[in-house]
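Descriptive structure summary
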Amino acid sequence: MPISGKLFINGAWVQGEGGTYHASNPATKSEIEPAMSMASSEQVDAAIKAAELAAPAFRNSSLQKRAEFLRTCADEIMALGDELLERVTAETGYPRARGEMERGRTCNQLRLFADTIETGDYLDARIDTAMPDRQPLPRPDLRHLNQAIGPVVVFGASNFPLAFSVAGGDSAAAFAAGCPVLVKGHSSHPGTSELVAHAVATAVEKCGLPKGIFSLLMGSGSKVGAALVKAPAVKAVGFTGSLAGGMALVEIANARPEPIPVFAEMGSINPVILLPDALANNADGIATGFVGSLTLGTGQFCVNPGLVIAIDDDNLQTFITTASAAVAEVQAGVMLNERICTAYCDGLQEYSSHDGVEVISAGGSAEGQDGYCGQATLMTATADYFLQNTAIHEEVFGPASLIVKCKNKDEILRVVTALKGQLTGTIHCADGELASYTELTDLLSLRVGRIVINGFPTGVEVCHAMVHGGPFPASTDSRFTSVGTSSIKRFIRPVCYQGFPEALLPDALRNANPLGLLRLVNGVKTTDAI
Ligand code: NAP
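The paragraphs below set out a description of the structure included in this document. Values in this document were obtained by computation on a predicted structure and should not be read as measured data.

Bringing empty space enclosed by the protein into the picture now. Throughout the structure, instances matching the rule amount to two cavities of 30 Å³ or more. If you add up the space inside the largest cavity, you get close to 110 Å³. What lines the largest cavity is a set of 16 residues, and nearest its centre among them are Ile269, Gly306, Glu395, Val396 and Ala400. Of the residues that constitute the lining of the largest cavity, the class distribution is eight nonpolar, six polar and two charged. The calculated volume of the second largest cavity comes to roughly 70 Å³. Phe263, Ala264, Glu265, His468, Gly469, Ser475, Thr476, Asp477, Phe480, Thr481, Ser482 and Arg490 together form the lining of the second largest cavity. The residue inventory of the lining of the second largest cavity, partitioned by class, reads three nonpolar, six polar and three charged.

Have a look at this one:
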């Protein structure tokens, strides 16, 4: 399918009237054809209007219909075949295997949401039947149900061109909930976005859903993105990216006459704590696993392990020696685009400008490479220095990590206490060792969304139990996850129907329980009819 550079608005492919640009191949720094168009403000308005009109019918569509739609999206993405994988590689510099892995993850995610909504559990149907004779006051009939929040704006993420972009996690969760989706595509992978939008558009048509439930708009964040977030019809925003970008959107959303939630996932440094016995048992093995996690995807994961915390002893030295040798073997990797590559180099420069930070190992040089490349880098600092210099608590997005050397357990706890909110926290410990570090898991649980024991944070499973979020600044709302089926909760809100005649109730709340849901009836979970 030839890429046209067009936008998808209200069921039609249209040339954007806000100018054109070319995508760039970060591995070669060359332009990719064809020219891609951007939306004018009138086109943004048209997409918003279409989403607003489509919202009621989509909100009230059956669970089966939406599940069929999600599965059809997955089938249509697979049907794009090699062309999609080739375009992902050209626009991101990711190897084909990464594109295949991400495509699989994206389709599984869509199918998992289909299975999930078919159970109807997320609706959280609750019924408290009327008690007309209750003293001193009668109780009316009250019935609770979650429903779609309304049109959602999804910002495609640069580092997940499939799994967190046009039909990625945010879109899948919003569609599953019954919310129209307005995608502000990431300008790094517009061709990939267009191809996936074709898959979604075909699925909308095949499933006979209202055409306004999906639009793809390209253009700058400050114009197209901001206009979408300001639109009164829009009721929530899903975002993965930088702290500055996420907070700019929060500011816009809060300045609206009707403020709306911005679910922004903005990354973190993901501390990895190495306890002494774990290092004594297996410093080499942990070091090898750590460098694998650090340099995976050229470090361009929000769960990249950017901070190591350990007591400074001989075993830590063994870890450092092995990790340094492994980092030195890593070739400079292609980064997603010029901006991300520049931000990585600037971040490294900022870290190494601190006299208490020592660069102890670097991988293959990025100098003289054809593409926008990042050099893997390992640094150390003492806990004292780290605690006094908050500038080195900030994320450097890429394959860089800082090892903080502590004098004792107390310093480990002080370093962890000084950390801001994180997506993950990891502890390596020997059998029984955590018993003398009980405060550590408690401290971590207050600061992170996911605690990993004897593993590494990269590799975020899409499942029911996953939490990918965390206290600010890891995300803007630590009560929610942006990965896994719980992420649907961002795009629903509870509605209580009081005293409703049976005929006017949604199916999920009717006495006969026609959907066969597990409901909380007068405080008891049951599938029984009333
Ligand atoms: P970004 O700069 O935050 O951009 C993400 C999206 O938000 C883009 O569509 C961008 O639009 C839009 N945007 C940015 N600032 C905006 C603003 N002020 N108003 C409205 N929209 C705005 O993220 P990125 O391009 O993916 O990468 C840049 C940096 O973000 C990286 O170096 C890294 O530090 C961080 N990052 C973090 C994660 C993570 O997982 N948390 C993932 C990727 C990147 P434009 O089209 O105008 O750029």
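Past the structure itself, the notes keep going.
Here the second largest pocket defines a volume of roughly 450 Å³. As for the second largest pocket, its lining consists of 21 residues, of which Arg59, Asn60, Ser61, Leu145 and Pro506 are closest to the centre. Counting residues per element, the ones that place at least two in the lining of the second largest pocket are helix 2 (63-79) and strand 6 (142-148). Sort the elements by how many residues they give to the lining of the second largest pocket and strand 6 lands first, with four residues.

Taking strand neighbours across the sheet as the criterion, the seven strands line up as 15-17-18-13-12-19-20 in an open arrangement whose pairing is mixed. A strand with exactly one partner marks an edge of an open sheet, and here the two such strands are strand 15 (358-362) and strand 20 (448-453). Each neighbouring strand pair of the sheet contributes to a mean axis angle of 20°, computed without reference to strand direction. The pairing of strand 15 with strand 17 (residues 377-382) spans four bridges and is classified as antiparallel. Note that in strand 17 the partner of Ala362 across the bridge is Thr377.

Counting across every chain of the model gives 13 aromatic pairs. Ring geometry for Phe8 against Trp13: centres 5.0 Å apart, planes inclined by 50°, an arrangement best described as tilted. Judged by its relative accessible area of 6%, Phe8 is buried. The exposure class assigned to Trp13 is partly exposed, which follows from its relative accessible area of 25%. Arranged with centres 5.6 Å apart and planes meeting at 45°, the rings of Phe290 and Phe319 form a pair that is tilted. With a gap of 29 residues between them, Phe290 in helix 9 (residues 276-295) and Phe319 in helix 10 (residues 314-328) connect regions that are remote in the sequence. Under the relative-accessibility criterion, Phe290 is labelled buried at 0%. Sitting above the plane of the Phe160 ring, Arg98 keeps its charged end 4.9 Å from the centroid. Here the guanidinium or amino end of Lys409 rests over the ring plane of Tyr437, the centre of that ring lying 5.2 Å away.

Here we take up the site of the ligand. Around the ligand, 25 residues are found, and the nearest of them are Ser158, Gly221, Ser242, Cys302 and Arg339. A distance of 3.0 Å separates a nitrogen atom of the ligand from a polar atom in the backbone of Gly267. Notes on the ligand: free accessible area 860 Å², of which the protein chains cover 86%. Mapped by element, the contributors of at least two residues to the shell around the ligand are helix 7 (221-230), strand 10 (236-240), helix 8 (243-255) and helix 11 (338-352). Taken together, the residues that form the shell around the ligand break down as nine nonpolar, 13 polar and three charged.

Scanning all chains against the criterion turns up 21 salt bridges. Note that Glu100 and Arg96 form a salt bridge whose closest N and O atoms lie 3.4 Å from each other. In this pair, Glu100 and Arg96 are both assigned in helix 4 (residues 96-119), four residues apart and thus about one turn of the helix distant. Asp170 is the partner of Arg490 in a salt bridge, and the nearest nitrogen-oxygen pair spans 2.8 Å. Here the residue Arg490 occupies a position in the loop between strand 20 and strand 21 (492-498), and Asp170 occupies one in helix 5 (residues 169-177), the gap between them amounting to 320 residues. Through salt bridges with shared partners, a single network forms among Arg71, Asp115 and Glu118.

What counts, and where the lines are drawn
- Residues numbered from 1 in each chain as written.
- Predicted model: local features only at pLDDT ≥ 70, side-chain atom pairs only at ≥ 80, totals over all residues.
- Heavy atoms only, no water.
- 1 Å grid on protein atoms, 1.4 Å probe; cavity = no way out; pocket = protein on both sides within 12 Å on 5 of 7 lines; lining within 4 Å.
- Points joined across faces, edges and corners; volume = space filled by probe spheres on them.
- Nonpolar A, V, L, I, M, F, W, Y, C, P; charged D, E, K, R; others polar.
- Helix = DSSP H or I, 4+ residues; strand = E, 2+ residues; numbered from the N terminus.
- Pairing = 2+ DSSP bridges.
- Axes fitted to C-alpha atoms, helices over the stretch in contact; angles between N-to-C directions.
- Phe/Tyr/Trp six-rings, centres within 6.5 Å; stacked < 30°, edge-to-face > 60°.
- Buried < 20%, exposed > 50% of the residue type's maximum accessible area, 1.4 Å probe, protein only.
- Lys NZ or Arg CZ within 6 Å of the ring centre and 35° of its normal.
- Near = heavy atom within 4 Å.
- Polar contact = N/O pair within 3.5 Å; in protein donor to acceptor, adjacent residues only side chain to side chain.
- Areas by Shrake-Rupley, 256 points an atom, 1.4 Å probe, with all protein chains shown as cover.
- Salt bridge = Lys/Arg side-chain N within 4 Å of Asp/Glu carboxyl O.

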